[in-house]
Amino acid sequence: MSAKAIVETARKLAVELYVENNQLKSLAKKGAMTEALRDQIKNNKNEIIKYLSENQEASNDALEKRKSELSKNTEKWYEPSYAQQRMWFIDQLEQGSSQYNISIAYQFKGTFNPLAFEQAVQTIIERHEAVRTNFVERDGQAYQVIREKFALPVEIIDLADRKPSDQASEIRRLSIANAQQEFDLSVDLMLRVKLLKLSEQEHIVLTCMHHIASDRWSMGLLFRELSLLYRSCCEGRDNPLAELKVQYADYAQWQRDWLKGEVLSKQLEYWKTELDGIPVVHGLPLDYPRPQQQCFIGSRYRKVFNRSLSQSIHGFCQQHEVTLFIFLQTVFAVLLNRFSHEQDVVIGSPVAGRTHSDTEELIGLFINTLVVRTRFKNQQSFKQTLLNNKQTILDAFTHQHIPFDLLLDELKPERSLSHSPIFQVLFALQNHAQRVIDLPGLKVNPLEPEHSIIKFDLELVATEENDELVLGWHYNKELFEPNTIERLADSYRVLLEAIVADADQAISDLPLLSDEQQQQLQSWNETSSPLPAVQGMHQLFEQQAKAHPQSPALRSGDQCLSYAELESRSNRLAHYLLDRGIGREERVGVCLERKPELVVCLLGILKSGAAYVPL
């Protein structure tokens, strides 16, 4: 980089370079001088001194302006949005938590410019107030505090001198640590970036944002703007992004001003009616007992539908005039109905929440959650269920303006630390195109997260990639086994295929097993076997006792009887009965608890030729 480019880049990073007594000096707030910038200045010190000396007047003006900026205390205080307020409350309750961390990692291969990358990150933080907003309490109320002074949150970690195997283990450790590291909402920036240098031609970038300042749409914006700004920094061009018309704090204030009075009462009335009497928790069978306090350790299972099935699904949606979201969500509700035997299925679904065009370019927490309640009736066809659910979903979107967090405060549902309120299963249809990152001179690959956090019991996330439907099954490892989720995913595909073929089938008649699974189930149930030519069950037992005398025959708690022991004890009882004149055509009453003595008794009576009568 030229001396001029370094000086201008430093200014964009809030570092002012100047010459005093023929010495190069700097003025910056704490943390603004990054390692990459320091190296550039050190390697080009003489050229920078020469450039600044030749442009002394402009340098002095910039220096005075920087001193003035650093002397100001320009923190701004605002009320948070409803969603931010709830996340702050949860953070206070749990005294810090990583459950709302959003972490994404990328691999960069090629010629990488760390200084341009840092400058791009700096510009994004300056551009979006939500990223440099903290949350503090005043008189029991949370407030947004927008920071004007901040240190760049980019940490460069050099792993180039390590062996590939050591690099891989350290990448995994740092990735998990980055995802699990808690944000201090009162002092931290809401963005954290770690840059791992593996070699001159390979880097890993780990990003993490707190959900209180971001959502999935925002993460897409972050990487799109990062691509544009990095390119312009590398090429020495000015910021190509248009100035933002509003900031997140403006939206939060608008939300509070607008959502009150008649508007609020109408929205609330709809949801109070719609959600009246919903089940407290879903009825899906769990593999493990639900813990007393909800855990957030998740795992994923990915299922791809081929183009043929994907095209058939799109054709079905067009024929029945429903969106892909409505169709896939309805089939998911049917799946839950069949597995849980519940006639009332409640599913949450995220919506972008950016109902005003000015918010589309803002990083911030706009996402809202809609609750879709699907009611099933006996012998109702899928086609009728789809029509009913379509209207339910459209009504929910019409009333999407009320924040889910405000809805919780108003509805006051039954609360438990063991599960989330109102719904515990989520469905989403997303577009991964928003996350594309394009950096000049670099091949960029997304990396699968090493650590998965899940807020609900089960989440089904559908995306479209290369004309194929991709389903991500995210599940709580404390509740479900992997093979259970695989069976759910297989049954979901079978349902889709059957519905596309014939939507007039009754919900209860729709298949859940593939042809291969049906054949497997049939083979498992082929247990018929001819009985040997003997007169009674006790004689079958005697044959088994002769063949395997020392094998366990009977267990009751800690007590275990072998075949030989059970045979001996029942024989003694049979001889006792015969000595007392009990034999054929006689009946012996038995009144015992379910203990080994009961089995000894029954066998002994049969061996005597009599019949037992349980009392």
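Keep in mind it's a predicted model, so treat the numbers as computed, not measured. (Residues numbered from 1 in each chain as written. Predicted model: local features only at pLDDT ≥ 70, side-chain atom pairs only at ≥ 80, totals over all residues. Heavy atoms only, no water.)

J.: How should the overall build of the protein be read in this particular structure?
T.: Each helix and strand in the protein was counted, giving 19 helices and 20 strands. The globule rule puts the C-alpha radius of gyration for 615 residues at 25 Å, and the 34 Å found for the protein is more than 25% above it. In terms of overall dimensions, the protein has C-alpha extents of about 125 × 60 × 55 Å along its principal axes. Of all intrachain contacts in the protein linking residues separated by at least 6 positions in sequence, the fraction that spans at least 24 positions is 75%. (Helix = DSSP H or I, 4+ residues; strand = E, 2+ residues; numbered from the N terminus. Rg over C-alpha atoms; globule rule 2.2 N^0.38 Å. Contact = heavy atoms within 4.5 Å.)

J.: For this particular structure, what's the right way to read the pattern of salt bridges?
T.: When the charged atoms of two side chains lie near each other, side chains of opposite charge can form a pair. This structure, assessed with the given rule, holds 23 salt bridges. Asp215 is the partner of Arg354 in a salt bridge, and the nearest nitrogen-oxygen pair spans 3.2 Å. Separated by 139 residues along the polypeptide, Arg354 in the loop between strand 11 (344-351) and strand 12 (368-375) and Asp215 in the loop between strand 9 (202-210) and helix 8 (216-234) bring together distant segments of the chain. Across the pair, Asp215 and Arg354 agree in class, each one buried. When the shortest N-O distance is used, the salt bridge between Asp504 and Lys383 registers 3.2 Å. (Salt bridge = Lys/Arg side-chain N within 4 Å of Asp/Glu carboxyl O. Buried < 20%, exposed > 50% of the residue type's maximum accessible area, 1.4 Å probe, protein only.)

J.: Please clarify how the environment of Ser175 should be interpreted in this entry.
T.: With respect to the helices and strands, the residue Ser175 is situated in helix 7 (residues 164-180). Under the relative-accessibility criterion, Ser175 is labelled buried at 14%. Residues Ser175 and Thr207 lie 32 residues apart in sequence; the distance between their C-alpha atoms is 9.2 Å.

J.: Even after reading the chapter, I still don't get the environment of Tyr270, so can you show me in this structure?
T.: In this structure, Tyr270 sits in helix 10 (residues 261-274). By relative accessible area, which is 16% here, Tyr270 ends up buried. Distance from Tyr270 to Ile102, taken between C-alpha atoms, is 32 Å for residues 168 residues apart in sequence. Those residues in contact with Tyr270 that lie beyond four places of it in its chain are Thr392, Asp395, Ala396 and His399.

J.: In this structure, what is going on with the nonpolar core? I would like to understand it.
T.: Nonpolar side chains in soluble globular proteins tend to be buried together. One finds Leu17, Ile48, Phe108 and Phe117 to be the most contacted residues of the largest nonpolar core, which totals 51 residues. For this core, the element with the highest residue contribution is helix 8, accounting for eight residues. For Phe108, the contacting residues outside a window of four places in its chain are Phe117, Gln201, Glu202, His203, Val205, Ile437, Leu439, Leu442, Lys443 and Val444. (Core = buried A, V, L, I, M, F, W, Y, C linked by side-chain atoms within 4.5 Å.)

J.: It is not clear to me how the packing of aromatic side chains should be interpreted in this structure. Could you clarify?
T.: Each aromatic ring pair is summarised here by two numbers: the centre-to-centre distance and the angle between the ring planes. Within this structure, the stated rule accounts for 24 aromatic pairs. On the basis of an interplanar angle of 50 degrees and a centroid distance of 5.4 Å, the ring pair of Tyr248 and Tyr251 is categorised as tilted. Here Tyr248 and its partner Tyr251 are both found in helix 9 (residues 248-258), three residues apart, which amounts to about one turn of the helix. Per residue, the accessibility class of Tyr248 equals that of Tyr251, and both read buried. The ring of Trp77 is capped by Arg138, whose NZ or CZ atom sits 3.9 Å from the centre of that ring. Lying over the aromatic face of Phe183, Arg192 brings its terminal NZ or CZ to 4.2 Å of the ring centre. (Phe/Tyr/Trp six-rings, centres within 6.5 Å; stacked < 30°, edge-to-face > 60°. Lys NZ or Arg CZ within 6 Å of the ring centre and 35° of its normal.)

J.: So what exactly am I meant to see when it comes to the confidence of the model for the protein here?
T.: One rule of thumb: low pLDDT means the predicted coordinates there are not for detailed reading. Per-residue confidence for the protein averages 88 on the pLDDT scale, and 93% of its residues sit at or above 70. Per-element confidence in the protein is highest for helix 12 (residues 324-340), whose mean pLDDT is 96, and lowest for helix 4 (residues 56-71), whose mean pLDDT is 55. (pLDDT = per-residue confidence, 0-100.)

J.: Before we go on, may I ask you to explain helix 3 (residues 45-54) in this structure?
T.: Side chains three or four residues apart in an α-helix point the same way, a direct result of the helix having 3.6 residues per turn. Residues Ile48, Ile49 and Leu52 constitute the buried set of helix 3. The buried residues of helix 3 occupy one face: seen down the axis, they fall within an arc of 100 degrees. Exposed and facing more than 90 degrees away from the buried side of helix 3 are Asn46, Lys50 and Glu54. (Arc of directions from axis to C-beta.)

J.: Where do I start with the pairing of strand 9 in this structure?
T.: Side-chain direction in a regular strand flips from residue to residue, so the side chains alternate between the two faces of the sheet. Counting buried residues along strand 9, eight of its nine residues qualify, which places the element largely inside the surrounding structure. Taking the residues between adjacent antiparallel strands as the criterion, strand 8 (residues 191-199) and strand 9 are bridged by two residues. (Pairing = 2+ DSSP bridges.)

J.: Honestly, the packing of helix 5 (residues 82-94) against helix 14 (residues 404-411) in this entry has me stumped. Any pointers?
T.: Two quantities define a packed helix pair, namely the angle between the helix axes and the distance between the axes. Here helix 5 crosses helix 14 at 70 degrees, and the two axes come no closer than 7 Å. As judged from the angle between their axes, helix 5 and helix 14 are roughly perpendicular. Of the residues in helix 14, those in contact with Tyr82, Ala83 and Arg86 of helix 5 are Asp405, Leu406, Leu408 and Asp409. Among the residues forming the contact of helix 5 with helix 14, the class breakdown is four nonpolar, no polar and three charged. (Axes fitted to C-alpha atoms, helices over the stretch in contact; angles between N-to-C directions. Parallel < 35°, antiparallel > 145°, perpendicular 65-115°, else oblique. Nonpolar A, V, L, I, M, F, W, Y, C, P; charged D, E, K, R; others polar.)

J.: Is there a simple way to explain the side chain of His203 in this structure?
T.: Along the chain, His203 turns up in strand 9. By relative accessible area, His203 is classed as buried at 6%.

J.: What is the right way to read the sheet that holds strand 9 from this model?
T.: Backbone hydrogen bonds are what pair the strands of a sheet, in a parallel or an antiparallel way. Ordered in space as 7-8-9-4-14, the five strands form an open sheet in which the pairing is mixed. What marks the edges here is a single partner per strand, and that holds for strand 7 (154-158) and strand 14 (442-447). With direction set aside, neighbouring strand axes in the sheet form an average angle of 20 degrees. Pairing geometry for strand 4 (residues 101-110) and strand 14, over six bridges, is antiparallel. Directly across from Ala105, in strand 14, lies its bridge partner Leu447. The strands touched by helix 6 (residues 114-127) are strand 4, strand 7, strand 8 and strand 9; relative to strand 8, the strand with the most contacts, the crossing angle is about 170 degrees.

J.: Would you mind going over the sheet that holds strand 6 (residues 141-146) with me for this structure?
T.: Strand order in the open sheet made by the three strands is 3-6-5, with antiparallel pairing throughout. Either end of the sheet is taken by a strand with one partner, and the two such strands are strand 3 (76-78) and strand 5 (133-138). Averaged over neighbouring strand pairs, the angle between their axes works out to 35 degrees when direction is ignored. Sheet topology note: the strand 5/strand 6 ladder contains six bridges and is antiparallel. In the sheet register, Phe135 faces strand 6, and the bridge partner there is Gln144. Its contacts with the sheet place helix 5 against strand 5 and strand 6, and it is angled at close to 70 degrees to strand 5.

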